[in-house]
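This is what each chain is made of:
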Amino acid sequence: MASGERLSASDALILWEQAPLWRLGELAVARKRAVSGDKVFYNKNFHIEPTNLCVFNCKFCSFRRPKGSPEAWDMSMEQVEELVRRYVGSGSTEMHIVGGVHPEHGIEYYCDMIRRVKAILPEAAVKAFTAIELSYMIRKAGLTTEQGLRMLIDAGMEAIPGGGAEIFDEKIRLKICPDKGSTAEWFEVHDTAHRLGIKTNATMLYGHIEGVEHRIDHLLRLREQQDKTGGFNAFIPLKYRNFGNSMSEIGEVPIVDDLRTLAMSRLLLDNVPHIKAYWVMYGKQTTEMALAFGADDIDGTIDDSTKIYSMAGADDKRPKMSVAEMKEMVARAGFRAVERDTHYNEIEETL
Ligand code: V47
């Protein structure tokens, strides 16, 4: 590493398991500084989660409800529009649309949804649908991945979030989400999007039954993809939260494991510019610490618009963070908060 060589799987394992925590932080922050200096990015965003009905039944998921459950929801198009109207004039630059994989809706429905939300808030980018949702709607329509993505892009989709990656190792994936779209499908969607000029994010669900070697394998598969297409904007490690799902007997990993995972993500993914500490999932205190371990993005204002993590046991039941609060957090960690849009263009502060 000191010689500028890329980390191999075996070196990464040694570093991950044996390096002192402070040293990992030091190495990761040095890498972060080389990429983004003293900046830590945030955005003004909100989520739309149109439904928690889902054709898949992932064991780690606390969000899904079966049809007929009193806790299931399935928003109408009018309800989606009503939600978006609340943000007119708010300065939001991103709408993050993700939900369950609905059994009935087709790709036309999702194109219509994108067109309608864009008509209400044209200044906000649509970052929409995990690769698993995309793959399902595109296959259902009998289209190739390229044809399907082109339709959604024409409707106004500008970026793709990182969800659905879970863990790429096929054996572990089969145990935690046996009926979900495969690793190959996830890569097929991201690879095609990159080739069409659409930037995407990538995630990794860690801290359940996988080992460090599976996390390294996951990160190296992403590094290889990034070498080919360069289309990943950000990587987001997602800590498994154990409330209210069918793997609840598995405990949650300690915070030091989160910090090592963040630092190792920064060091292994030497070709991915941004490492995001998603504050909704970590909670605010761990997110502040994450900035000492190579993260340069904390995600956004959220405005109490996502339920995936509160339903899985995250501390904030109604997650929202003001710009002032984000700036204070970043300053306490010794960095400078910079507002960005979905494409990481910096947004100048208006006084
Ligand atoms: O794919 C579900 C994860 C993801 C649990 O791209 C869980 O900017 C932990 O991908 N414990 C969806 N994680 C969320 C996601 C995301 C979030 C924020 C920003 C971006 C981005 C992407 O949530 C799922 C799954 O990996 N998840 N259940 C759970 N119990």
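Check the entry above for the structure.
These figures come from a predicted structure and were not determined experimentally. Position numbers for residues count from 1 along each chain, tracking the sequence in the order it is written. Totals for whole chains, interfaces and linings use all residues, but because this is a predicted model, local features are given only for residues with pLDDT of at least 70 and pairs of side-chain atoms are given and counted only at 80 or more. Side-chain metrics in this entry use all non-hydrogen atoms of the structure; hydrogen atoms and water are not considered.

## Looking at the site of the ligand
Here is the rule we go by: The nearness test applies per residue and asks whether one of its heavy atoms lies within 4 Å of the molecule or strand. Residues adjacent in sequence count toward polar contacts only when both atoms are side-chain atoms; beyond that, a polar contact is any pair of N or O atoms within 3.5 Å, and within protein one must be able to donate a hydrogen and the other to accept it. Here the accessible surface of atoms and residues is derived via Shrake-Rupley with a 1.4 Å probe, and residues count as covered only by protein chains that are part of the display. Numbering goes from the N terminus for both helices and strands, where a helix is a DSSP run of H or I of at least four residues and a strand is a run of E of at least two.
Surveying the vicinity of the ligand reveals 22 residues, the closest of which are Lys127, Gly164, Glu166, Lys276 and Tyr309. At 2.8 Å from an oxygen atom of the ligand is found a main-chain nitrogen or oxygen belonging to glycine 162. Arginine 241 places a polar main-chain atom, nitrogen or oxygen, 2.9 Å from a nitrogen atom of the ligand. Here the ligand has 620 Å² of accessible area as a free molecule, and 95% of this is covered by the chains. Of all the elements in the fold, those that place two or more residues in the shell around the ligand are β6 (199-206) and β7 (232-239).

## Some points on the sheet that holds strand β5 (residues 157-160)
We count it as follows: Pairing between strands is defined by DSSP: at least two bridges between them are needed. Contact definition: two residues touch when any of their heavy atoms are within 4.5 Å. The angle between two axes is taken between their N-to-C directions and runs from 0 to 180 degrees, where each axis is a line fitted to C-alpha atoms and a helix contributes only its stretch in contact.
The sheet built from seven strands is open, its strands ordered β2-β3-β4-β5-β6-β7-β8 with parallel pairing. Both outer strands of the open sheet, β2 (45-48) and β8 (274-275), are each paired with one neighbouring strand and no more. Helix α3 (residues 77-85) rests against β2 and β3 (94-97) of the sheet, and its axis sits at about 170° to β2.

## Regarding unusual backbone geometry
Heads up, the rule is: Type-normalised accessible area, obtained with a 1.4 Å probe on protein chains alone, sets the label of each residue: buried when under 20%, exposed when over 50%, and partly exposed for intermediate values.
The backbone of glutamate 166 shows a phi angle near 50°, a positive value even though the residue is not glycine. Following the sequence through the fold, glutamate 166 ends up in the loop between β5 and α7 (170-176). The exposure class of glutamate 166 is buried, given its relative accessible area of 7%. For isoleucine 302, which is not glycine, the phi dihedral falls at a positive 65°. Tracing the chain through its elements places isoleucine 302 in the loop between β9 (297-300) and α13 (323-332).

## Observations concerning the pairing of strand β4 (residues 125-128)
Using the following cut-off: When the strands point away from the viewer, a crossover counts as right-handed if the route from the first strand across the helix to the second turns clockwise.
Side chains Ala125 and Lys127 project from β4 onto one buried face, and the interleaved Val126 and Ala128 project onto a second face that is buried too. What joins β3 to β4 is helix α4 (residues 107-120), and the crossover it makes is right-handed. Bridge analysis of β4 against β5 gives two bridges, and the strand direction is parallel. Looking across to β5, one finds that valine 126 is bridged to methionine 157.

## Some thoughts on the nonpolar core
The cut-off we apply is this: Residues enter a nonpolar core if they are buried and are Ala, Val, Leu, Ile, Met, Phe, Trp, Tyr or Cys, with the set joined through side-chain atoms within 4.5 Å.
Among the nonpolar cores identified, the biggest contains 99 residues, and Leu134 and Leu152 are the most heavily contacted of them. Ranked by the residues each element gives to this core, the list is headed by α4, at seven residues. When neighbours within four sequence positions are excluded, leucine 134 is seen to be in contact with Ala128, Phe129, Leu149, Leu152, Met157, Ile160 and Val189.

## Digging into the packing of aromatic side chains
Geometrically, a pair of aromatic rings is defined through the distance of the ring centres and the angle of the planes. Quick reminder of the rule: Pairs were defined over the aromatic rings of Phe, Tyr and Trp, the Trp ring being its six-membered one, requiring ring centres within 6.5 Å. Orientation was assigned from the angle between planes: stacked under 30 degrees, edge-to-face over 60, tilted for the rest.
Here the structure, examined in full by the defined rule, presents eleven aromatic pairs. Look at phenylalanine 41 and tyrosine 344: their rings are 5.8 Å apart centre to centre, the planes differ by 85°, and that puts the pair in the edge-to-face class. Residue phenylalanine 41 is found in strand β1 (residues 39-43), and its partner tyrosine 344 is found in the segment after β10 (336-339); the two are separated by 303 residues along the sequence. Taken individually, phenylalanine 41 and tyrosine 344 each receive the classification buried, so the pair is uniform in this respect. Consider the rings of tyrosine 110 and phenylalanine 129, whose centres lie 5.1 Å apart with planes at 75°: the pair is edge-to-face.

## Observations regarding the side chain of serine 135
Turning to its location among the elements, serine 135 is positioned in helix α5 (residues 131-140). The class of serine 135 is buried, set by a relative accessible area of 8%. The residues touching serine 135, leaving out its near neighbours within four places in the chain, are Glu185 and Val189.

## Here's the deal with the sheet that holds β1
If you walk across this open sheet you meet the three strands as β9-β1-β10, and the pairing is parallel. At either end of the open sheet lies a strand with only one pairing partner, and these are β9 and β10. Here the strands of the sheet are splayed against their neighbours by 25° on average, with no regard to which way each runs. Direction of pairing for β1 relative to β9: parallel, over a ladder of two bridges. Directly across from asparagine 43, in β9, lies its bridge partner glycine 300.

## Regarding α3
Here is the rule: Note: the arc covers the axis-to-C-beta directions of the helix.
Within α3, burial applies to Met77, Val80, Glu81, Leu83 and Val84. The buried residues of α3 occupy one face: seen down the axis, they fall within an arc of 160°. Buried residues along α3 sit in contact with β2, β3 and α4.

## Some thoughts on helix α8 (residues 183-195)
Basically, it comes down to this: Multiply 1.5 Å by the residue count of a helix minus one, and that product is the helix's expected span.
In this model, α8 (13 residues) spans 18 Å end to end at C-alpha, consistent with the 18 Å of a helix rising 1.5 Å per residue. Looking at α8, one finds that the buried residues are Thr183, Trp186, Phe187, Val189, His190, Asp191, Thr192, Ala193 and His194.

## Describing the pattern of salt bridges
So the rule is basically this: By definition, a salt bridge exists where a carboxyl oxygen of Asp or Glu is found within 4 Å of a side-chain nitrogen of Lys or Arg.
Tallying each qualifying case throughout the model produces 32 salt bridges. For lysine 127, the salt bridge identified is with glutamate 94, shortest N-O distance 3.2 Å. In this pair, lysine 127 sits in strand β4 while glutamate 94 sits in strand β3, placing the two residues 33 residues apart along the sequence. Glutamate 94 gets classed as buried once you look at its relative accessible area, which sits at 1%. For lysine 180, the salt bridge goes to glutamate 166, with nearest N and O atoms at 2.7 Å. With a gap of 14 residues between them, lysine 180 in the loop between α7 and α8 and glutamate 166 in the loop between β5 and α7 connect regions that are remote in the sequence. Considered together, lysine 180 and glutamate 166 belong to a single accessibility category, that of buried residues. Each member of the salt-bridge network shares a partner with another, and the members are Glu78, Glu81, Asp112 and Arg116.

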